[in-house]
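Results of the structural survey
One-letter residues, chain by chain:
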Amino acid sequence: MQTKLSVSHLFKIFGGNISATLQLLREGKSKQEILAATGATVGVQDASFQVEEGEIFVVMGLSGSGKSTLVRMLNGLITPSAGQILIDGEDVAQADKAALRRIRRQKISMIFQHFALFPHWTVADNVAYGLKVRGVPPAQRRARALEVLEQVGLAPWADSLPSDLSGGMQQRVGLARGLAAEPDILLMDEPFGALDPLIRREMQMELLNLQKTLKKTIVFITHDLNEALLLGGRIAIMKDGRIVQTGTAQEIVTAPADDYVAAFVADIDRGRVFTADDVCSAPVTIPLQGTSVRDALRIMEQGGAHALYVMEGERVAGVVTYRDLAASELEGGAAPTTLQQAMITEFPTASAGTSLHDLYGPAGAGLPIAVTDDRDRLLAVVQPGDVLAHLSGDAAPADAAAPAPITEETDDQPR
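Residues numbered from 1 in each chain as written. Predicted model: local features only at pLDDT ≥ 70, side-chain atom pairs only at ≥ 80, totals over all residues. Heavy atoms only, no water.

**Digging into the overall build of the protein**
Under the convention used in this document: Secondary structure counts use DSSP, requiring at least four H or I residues in a row for a helix and at least two E residues in a row for a strand, with both numbered from the N terminus. Throughout, radius of gyration means the C-alpha value; the globule benchmark is 2.2 Å times the number of residues raised to the power 0.38. We call two residues contacting when some pair of their heavy atoms lies within 4.5 Å. In this description, accessible areas are obtained by the Shrake-Rupley approach with a 1.4 Å probe, and a residue is regarded as covered only by the protein chains that are shown. For the purpose of counting charges, residues Lys and Arg are taken to be positive, whereas Asp and Glu are taken to be negative. His and the chain ends are not included. The atoms used to mark charge sites are NZ of Lys, CZ of Arg, CG of Asp and CD of Glu.
In terms of regular secondary structure, the protein is built from 18 helices and 16 strands. Relative to the globule expectation of 22 Å for 415 residues, the C-alpha radius of gyration of the protein, 28 Å, shows a markedly less compact shape. Referenced to the eigenvectors of the C-alpha coordinate spread, the extents of the protein come out at roughly 90 × 60 × 35 Å. The contacts in the protein between residues at least 6 apart in sequence include a share of 66% that link residues at least 24 apart. Entry remark: accessible area of the protein is about 20200 Å², with carbon and sulfur atoms responsible for 50%. The positive charge centre, built from 37 side chains, and the negative charge centre, built from 51, are 12 Å apart in the protein.

And the structure:
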């Protein structure tokens, strides 16, 4: 991964003596103390982060936290008081007016909460606005506008006016306008904040679906933690102008940096944050051919497992449980005597990205869930107890050792 945007020790002071205010901040004075002493308002203080190419980086915070000030400094709408903003190595904070115009036209597009569409222009003309500013010929910008409208599902409305569209559709026009100029970086400042919850969810999924193919570098601003957790590859949480924690959704939920962050994540639906990949362990398997019931029981006893997946080559043939196999060892029991007879061939499966919310039902069957790839190869297993532990917040530490798969054959192992 290549770093597309790098922000280092960024400050924004409104009013007052900037040098004196920066010194007070370095001395550890609070925003309230500085306002009382100097009349200056601290918008952003000592923000540092990096955004990788193709990443959705979310900045989350409540009103007044400094997130909108921060994003407006990234494209030069607000001039930083101190610090560095590098886009492909070029410092936006030090750029003159001509350089800023070039950066905005070629590298950055911005999408706002309020759609800011020209009411008397058609949808296609609104989408092509950035291209018009660049001086792109009319036929070329029309073609590009139609192409992007097709991507967001609005091609049939290309010649309609914004007033003919719903709020969600108008926001899609705003998204299309941002994409039409083919920017390296897309800045999105509370873009779905004015939408009702259902349409907002649709737009979030639309963005994620588009990102799978477009792979844009996106800085997304929101006050909604659920939205941040859904969209962000990494999330920066702001309070009083300062970034208090940066990490993945899983890192923030499992290890909040302070009481402020902990209060935010206390009521989060963990089932939508964690996936099978977060709770899986290496699979312990046995081959179908040449393995006796007694062999399988011994392997389960040695590993403390209550079930094992049975392999036929690279294919999962089924799963056997200790209870079923142990019954076959009882004298006079009418139980299966071979793995083939004992195997359960209808077993739960999931992909590595399946959310724990969607694993809750399969976990109820009591069998380990097989984590498979797109070729149905067994990658890992998820134990039902681990799903429930993570959902309740009682999971073991992330670095706890997982059971190792059987990879070596010894004289007392099945071949």
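So, next bit.
**Some details on the pairing of strand S8 (residues 217–222)**
Convention followed: Only protein chains enter the area calculation, which uses a 1.4 Å probe; residues under 20% of their type maximum are buried, those over 50% are exposed, and those in between are partly exposed. Criterion used throughout: strands pair if DSSP finds at least two bridges between them.
Counting buried residues along S8, six of its six residues qualify, which places the element largely inside the surrounding structure. With burial as the criterion, each face of S8 is covered, one bearing Thr 217, Val 219 and Ile 221 and the other bearing Ile 218, Phe 220 and Thr 222. Note that strand S3 (residues 56–60) and S8 share five bridges and pair parallel. Bridged to Val 59 within S8 is Ile 221. With five bridges joining them, strand S7 (residues 185–189) and S8 adopt parallel strand pairing. Across the sheet, residue Leu 186 finds its bridge partner in S8, namely Ile 218.

**Topic: helix H14 (residues 293–303)**
Here is the rule we go by: Here the arc refers to the set of directions running from the helix axis out to each C-beta atom.
Those residues of H14 that fall on the buried side of the exposure criterion are Val 293, Ala 296, Leu 297, Ile 299 and Met 300. Buried residues along H14 cover an arc of 160° about the axis, so they all sit on one side. For H14, exposure combined with an orientation more than 90 degrees from the buried face picks out Arg 294 and Gln 302. Note on H14: the residue one or two positions beyond its end, Gly 304, has a positive phi of about 65°.

**Description of the sheet that holds strand S1 (residues 3–14)**
Put simply, the rule reads: The angle between two axes is taken between their N-to-C directions and runs from 0 to 180 degrees, where each axis is a line fitted to C-alpha atoms and a helix contributes only its stretch in contact.
Across the sheet, which stays open at both edges, the four strands sit in the order S2-S1-S4-S5 with antiparallel pairing between neighbours. Two strands lie at the open edges of the sheet, namely strand S2 (41–52) and strand S5 (90–91), each paired on one side alone. Note that strand S4 (residues 82–87) and S5 share two bridges and pair antiparallel. Within S5, the position partnered with Leu 86 by the bridge is Asp 91. In this fold helix H1 (residues 18–26) packs onto S1, S2 and S4, with an angle of close to 110° to the strand it touches most, S1.

**Brief notes about a positive patch on the surface**
Here is the rule we go by: Residues qualify for a patch when their relative accessible area is over 30% and they have no salt bridge, like charges being joined within 9 Å and the nonpolar side chains of Val, Leu, Ile, Met, Phe, Trp and Tyr within 5 Å. Here, a salt bridge means any side-chain nitrogen of Lys or Arg that lies within 4 Å of a carboxyl oxygen of Asp or Glu.
Together, Lys 97, Arg 101, Arg 104 and Arg 105 make up a region of like positive charge exposed at the surface. Following the sequence through the fold, Arg 101 ends up in helix H4 (residues 97–106).

**Let's talk about the domain arrangement of the protein**
Stated precisely, the cut-off is as follows: These domain boundaries are the output of an automatic or database domain assignment. The term polar contact refers here to a pair of N or O atoms within 3.5 Å; inside protein, the definition further demands a hydrogen-donor-capable atom paired with an acceptor-capable atom, and it admits residues adjacent in sequence only when both atoms are side-chain atoms. Gly is put with the polar residues, along with every residue not named as nonpolar or charged; the nonpolar set is Ala, Val, Leu, Ile, Met, Phe, Trp, Tyr, Cys and Pro, and the charged set is Asp, Glu, Lys and Arg.
Taken domain by domain, the protein consists of domain 1 (51–271) and domain 2 (276–412). Its C-alpha centre places domain 1 at a distance of 43 Å from the equivalent point of domain 2. There are zero salt bridges connecting domain 1 and domain 2. Viewed at the interface, domain 2 and domain 1 are joined by three residue pairs in polar contact (both at pLDDT 80 or more). Class assignment of the residues belonging to the side of domain 1 that touches domain 2 gives a composition of no nonpolar, two polar and two charged.

**Comments concerning the pattern of salt bridges**
Between side chains of opposite charge, a pair can form as their charged atoms come close. Within the structure shown, the criterion is met by 17 salt bridges. The partner of Lys 4 in a salt bridge is Asp 184, and the shortest N-O contact between them spans 3.3 Å. A residue pair is termed long-range when its members are at least 10 positions apart, and Lys 4 in strand S1 and Asp 184 in the loop between helix H8 (167–180) and S7 qualify at 180 residues. For Lys 4, a relative accessible area of 9% corresponds to the buried category. For Glu 190, the salt bridge goes to Lys 67, with nearest N and O atoms at 3.8 Å. Of the two residues, Glu 190 sits in the loop between S7 and helix H9 (197–214) while Lys 67 sits in helix H3 (residues 67–74), which places them 123 residues apart along the sequence. Take Glu 190 and Lys 67: they sit in the same class, and that class is buried. Each of Lys 4, Asp 88, Lys 107 and Asp 184 takes part in one network of salt bridges that share partners.

**Some remarks on the UniProt feature "domain: ABC transporter" (unreviewed entry) in the protein**
Note the following rule: UniProt positions are given in the numbering used here, feature names are shortened, and annotations may be inferred rather than shown by experiment.
Following the UniProt record, one finds the feature "domain: ABC transporter" (unreviewed entry) at residues 22–265. Counted over residues 22–265, helix gives 44% and strand 21%. Its end C-alpha atoms are 32 Å apart.

**Examining the pairing of strand S6 (residues 108–111)**
Because side chains alternate across S6, one face comprises the buried residues Ile 108 and Met 110, and the other comprises Ser 109 and Ile 111, equally buried. The pairing of S6 with S7 spans four bridges and is classified as parallel. Bridging from a neighbouring strand, Ser 109 pairs with Leu 186 of S7.

**Observations concerning the nonpolar core**
Applicable threshold: By nonpolar core we mean a set of buried residues, namely Ala, Val, Leu, Ile, Met, Phe, Trp, Tyr and Cys, connected to one another through side-chain atoms within 4.5 Å.
Counting 61 residues, the largest nonpolar core has Leu 149, Leu 175, Met 188, Phe 220 and Ile 235 as the members making the most contacts within it. The biggest single contributor to this core is H8, with six residues. Residue contributions to this core reach at least three from each of two domains, namely domain 1 (51–271) and domain 2 (276–412). Those residues in contact with Phe 220 that sit more than four places away from it in its chain are Ile 56, Phe 57, Val 58, Val 59, Met 188, Pro 191, Phe 192, Leu 207, Glu 227 and Leu 231. Residues Val 7, Ile 85, Leu 100 and Met 110 belong to the second largest nonpolar core, which totals 30 residues.

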